[in-house]
Amino acid sequence: WARKDPATEGKWSRWNATIKTWEPLGRDPPRPTGLYAGIGATRLSTRAEQAIRGLYREATVREKRVDHLHRMREERKVSGKETTLEAAERVRNGLGCNHCCIICILGGTEFHSADSEALVSALARKLAATGS
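Residues numbered from 1 in each chain as written. Predicted model: local features only at pLDDT ≥ 70, side-chain atom pairs only at ≥ 80, totals over all residues. Heavy atoms only, no water.

*Asks:* I keep staring at the overall build of the protein chain and nothing clicks. Help me out?
*Replies:* Regarding its fold elements, the protein chain presents three helices and two strands. Each helix and strand of the protein chain, ordered N terminal to C terminal, gives the series β-β-α-α-α. Of all 132 residues assigned to the protein chain, the portion counted as buried reaches 7%. In the protein chain, 23% of the contacts between residues at least 6 apart in sequence involve partners at least 24 apart. Looking at the protein chain as shown, the accessible area adds up to about 11,800 Å², and 56% of this sits on carbon and sulfur atoms. (Helix = DSSP H or I, 4+ residues; strand = E, 2+ residues; numbered from the N terminus. Buried < 20%, exposed > 50% of the residue type's maximum accessible area, 1.4 Å probe, protein only. Contact = heavy atoms within 4.5 Å. Areas by Shrake-Rupley, 256 points an atom, 1.4 Å probe, with all protein chains shown as cover.)

This is the structure:
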């Protein structure tokens, strides 16, 4: 036996002990750390499993993004130079395309591998075909 409440079913919720009811959070909860418990049915539904996996996956993406920004700030402090992100933004602004993708192929003036030449040629053909 379990009561299904459309207001909270399929949503991350928290228990309000004052009024003795579940309330939807309206957002994802913070990533669980340390000891924690889940309350629910005896068997975890596919939907619930996906929601839990998504919570960990999203937290990992957020953590990587924050870590990347932190490293970029540190790079700027240490070098006193423009970071890679800042350089890309400067080039985009100079080209007048704030949301365009910039592809930089680094290297010398000649190819040392047939694979490299084939890759650059294929990329150039694709970009030319899309008008990029």
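*Asks:* Help me understand the pairing of strand S2 (residues 21-24), please; the structure alone is not making it clear to me.
*Replies:* If a strand is regular, its side chains alternate between the two faces of the sheet. Of the strand pairs in this sheet, strand S1 (residues 13-16) and S2 are connected by four bridges, and their pairing is antiparallel. Following the sheet pairing, Trp 15 is matched in S2 by Trp 22. (Pairing = 2+ DSSP bridges.)

*Asks:* I'm lost on the pattern of salt bridges in this one. Help?
*Replies:* If charged atoms from side chains of opposite charge come close, those side chains can pair. For the coordinates displayed, the defined rule picks out one salt bridge. A salt bridge links Glu 23 to Arg 14; its shortest N-O distance comes to 3.9 Å. Residue classification places Arg 14 among the partly exposed residues on the basis of a relative accessible area of 43%. (Salt bridge = Lys/Arg side-chain N within 4 Å of Asp/Glu carboxyl O.)

*Asks:* Sorry if this is basic, but what is going on with the side chain of Asn 16 here?
*Replies:* In this structure, Asn 16 sits in strand S1. Using a relative accessible area of 19% as the deciding quantity, one classes Asn 16 as buried. Only 3.0 Å separates the side chain of Asn 16 from the backbone nitrogen of Thr 18, close enough to count as a polar contact. Apart from residues lying up to four places away in sequence, Asn 16 is in contact with Thr 21 and Glu 23. (Polar contact = N/O pair within 3.5 Å; in protein donor to acceptor, adjacent residues only side chain to side chain.)

*Asks:* Explain helix H2 (residues 84-95) here, please?
*Replies:* Helix length check: H2, at twelve residues, gives a terminal C-alpha distance of 17 Å against a target of 16 Å (1.5 Å per residue), a fit within 8%. Just past H2, the residue Gly 96 takes up positive phi, approximately 75°. (Expected span 1.5 Å × (residues − 1).)

*Asks:* How should a nonpolar patch on the surface be read in this particular structure?
*Replies:* Taken together, the side chains of Trp 12, Leu 44 and Ile 52 present a nonpolar region at the surface, about 270 Å² in accessible area. Of note, Leu 44 is situated in the loop between S2 and helix H1 (46-79). Look at Leu 44 and you get exposed, because its relative accessible area is 56%. (Patch = residues over 30% accessible without salt bridge, like charges linked within 9 Å, V, L, I, M, F, W, Y side chains within 5 Å.)

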